[in-house]
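Summary of the model geometry
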Amino acid sequence: MIDCLLFSNFNPMKNIDENLINISKTLNNAIEVLAIDENSSLKRDILSLGNYCENQNFRLAVFAPFNYGKSTLLNALLGEKTLPIDLIPTTGAAIYVKYGEQLKTKITLNNNKIIEEEGTNILKKYATLDDNRCMNQEVKSVEVYCNHSLLKMGVEFLDLPGTNDREEQNKLVKDQLLTSDLIIQVVDARKLMTLEERENFRDWLLNRGINSVILVINFLNLLEPQEQKDVYYRLRFVAESFRSNLPSGFSNLY
Ligand SMILES: Nc1nc2c(ncn2[C@@H]2O[C@H](COP(=O)(O)OP(=O)(O)OP(=O)(O)O)[C@@H](O)[C@H]2O)c(=O)[nH]1
Ligand SMILES: [Mg+2]
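Just so it is clear, the model here is predicted, and its values are computed rather than measured.

Analysis parameters
- Residues numbered from 1 in each chain as written.
- Chains lettered and ligands numbered in written order.
- Predicted model: local features only at pLDDT ≥ 70, side-chain atom pairs only at ≥ 80, totals over all residues.
- Heavy atoms only, no water.
- Near = heavy atom within 4 Å.
- Polar contact = N/O pair within 3.5 Å; in protein donor to acceptor, adjacent residues only side chain to side chain.
- Areas by Shrake-Rupley, 256 points an atom, 1.4 Å probe, with all protein chains shown as cover.
- Helix = DSSP H or I, 4+ residues; strand = E, 2+ residues; numbered from the N terminus.
- Nonpolar A, V, L, I, M, F, W, Y, C, P; charged D, E, K, R; others polar.
- Phe/Tyr/Trp six-rings, centres within 6.5 Å; stacked < 30°, edge-to-face > 60°.
- Buried < 20%, exposed > 50% of the residue type's maximum accessible area, 1.4 Å probe, protein only.
- Lys NZ or Arg CZ within 6 Å of the ring centre and 35° of its normal.
- Core = buried A, V, L, I, M, F, W, Y, C linked by side-chain atoms within 4.5 Å.
- Contact = heavy atoms within 4.5 Å.
- Pairing = 2+ DSSP bridges.
- Axes fitted to C-alpha atoms, helices over the stretch in contact; angles between N-to-C directions.
- Donors = N, O, S within 2.8 Å, 3.2 Å for Na, K, Ca; no water.
- Expected span 1.5 Å × (residues − 1).

This part takes up the site of ligand 1. The environment of ligand 1 is made up of 19 residues, and the closest members are K70, T72, T90, T91 and N218. Within the contact set of ligand 1, an oxygen atom lies 3.0 Å away from a backbone nitrogen or oxygen of N67. Contact distances for ligand 1 include 2.7 Å between an oxygen atom and a side-chain N or O atom of K70. Here ligand 1, which alone exposes 660 Å², has 82% of that area covered by the protein. Considering every element that reaches the shell around ligand 1, the biggest residue donor is helix α4 (residues 70-78), with three residues. Per-class residue counts for the shell around ligand 1 are eight nonpolar, nine polar and two charged.

As structure tokens, then:
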């Protein structure tokens, strides 16, 4: 019942007003008028913010290095094995999980061809990494439609490829983080918050104005009870060291 615990007092419907849509249009026009370099991070950030402004759903993205259990966590929230999981780096595209009456997958290719299929078996072909751990270059977007009460309320999940593998995946994840309303960063209980993870947390999230982050500790079942407690206190310490901008007396740690 994780969904009830997390969202019992929460109305995820966003107030998308005309102003936000107009800001997005103005930013897109500015990119064209100023002829901003195609591959610059400025252009990527602007496009991501435009995507955020126009998205009506409350987008919750899961972010971590490969094999940290991101897809497993989303499957647990969805209550079924919807997304591909494996011991090797697996997720090879940003997969948006949205509400639909039947479980269905929609793949949009770069040439705008759309492939729709019942279920999610098609993800293996289009949304997992190939033998060289590369993403499928034909694919523009991947959407899974799933009948779940949270999704029906207007929440949308985003399953991301793992970071710390290839630069291409890192770039995609960094862009997608800016399009999201809330980020879950999964951490591994056995090697809590490596230096690289702390740097990503600071440089990809906090320094880009993303302050709402839920840290989820995974693989706790592989630790002894006493070790589990130690991990919990260490993570609290890490989270404390990052929290900022809150009035005194308020806590963002639960
Ligand atoms: N023991 C244990 N195994 C887990 C846990 N969470 C995930 N796993 C396993 O870890 C492996 C990787 O899980 P995924 O969900 O595919 O990880 P991911 O972060 O989505 O991986 P990428 O998509 O490659 O970035 C799978 O074999 C899972 O079954 C956990 O809490 N405990
Ligand atoms: Mg995955």
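Here the narrative resumes.
Moving on: the packing of aromatic side chains. In this structure the tally under the stated criterion is two aromatic pairs. Seen in terms of ring centroids, F63 and W204 are 5.9 Å apart; in terms of plane orientation they differ by 35°. Their pairing is tilted. One end of the pair, F63, is in strand β1 (residues 58-63); the other, W204, is in helix α8 (residues 195-205), with 141 residues separating them in the sequence. Across the pair, exposure class does not vary: F63 and W204 are buried alike. Measuring from ring centre to ring centre gives 5.5 Å for Y232 and Y233, while their planes differ by 70°; the resulting arrangement is edge-to-face. When its relative accessible area of 54% is taken as the criterion, Y233 is described as exposed. Over the ring of Y96 we find K98, and its NZ or CZ is 5.7 Å from the ring centre. Over the face of the ring belonging to Y145 we find K104, whose NZ or CZ atom lies 5.3 Å from the ring centre.

Within the largest apolar cluster, 31 residues are counted, with the highest numbers of intra-cluster contacts made by I95, V97, I107, V142 and F157. Dropping the residues within four chain positions of it, V97 is found in contact with L78, L83, V144, C146, L151, E156 and F157. One finds Y96, L158, A189 and L223 within the second-largest nonpolar core, a separate group that totals 23 residues.

On to the sheet that holds strand β5 (residues 139-146). Across a sheet, paired strands are connected by hydrogen bonds in the backbone, their directions being either parallel or antiparallel. One open sheet holds the eight strands; their spatial order is β4-β3-β5-β2-β6-β1-β7-β8, and the pairing between them is mixed. Because the sheet does not close on itself, it has two edges, and the strands there are β4 (114-118) and β8 (213-218). Averaged over neighbouring strand pairs, the angle between their axes works out to 20° when direction is ignored. Taken together, the four bridges between β1 and strand β7 (residues 182-188) define a ladder with parallel strand orientation. Paired with L60 across the strands is L182, a residue of β7. Across the face of the sheet, α8 comes into contact with β1, β7 and β8 while running at roughly 170° to β7.

Time to look at the coordination of the magnesium ion (ligand 2). Protein-derived coordination of the magnesium ion (ligand 2) comes from S71 (OG) and T91 (OG1), at a distance range of 2.0 to 2.2 Å. Of the two residues, S71 is situated in helix α4 and T91 in the loop between α4 and β2 (95-99); the sequence distance between them amounts to 20 residues. By relative accessible area, which is 7% here, S71 ends up buried.

Considering the arrangement of structural elements, one finds T120 in the loop between β4 and α5 (123-126). Residue class for T120 comes out buried when judged on its relative accessible area of 15%. Separated by 3.1 Å, the side chain of T120 and the backbone oxygen of T82 make a polar contact. Contacts of T120, omitting those with residues within four sequence positions, involve T82, L103, T105 and V144.

As a further point, take helix α7 (residues 167-178). Each turn of an α-helix holds 3.6 residues, which means side chains three or four residues apart point in the same direction. Relative to the 16 Å expected for 12 residues at 1.5 Å per residue, α7 spans 17 Å between its end C-alpha atoms, a close match to the ideal helical length. All of the buried residues along α7 are Q169, N170, V173, D175, Q176, L177 and L178. Looking at the buried residues of α7, the elements they touch are α3 (41-54), β1, β2, β6 (155-159), β7 and α8.

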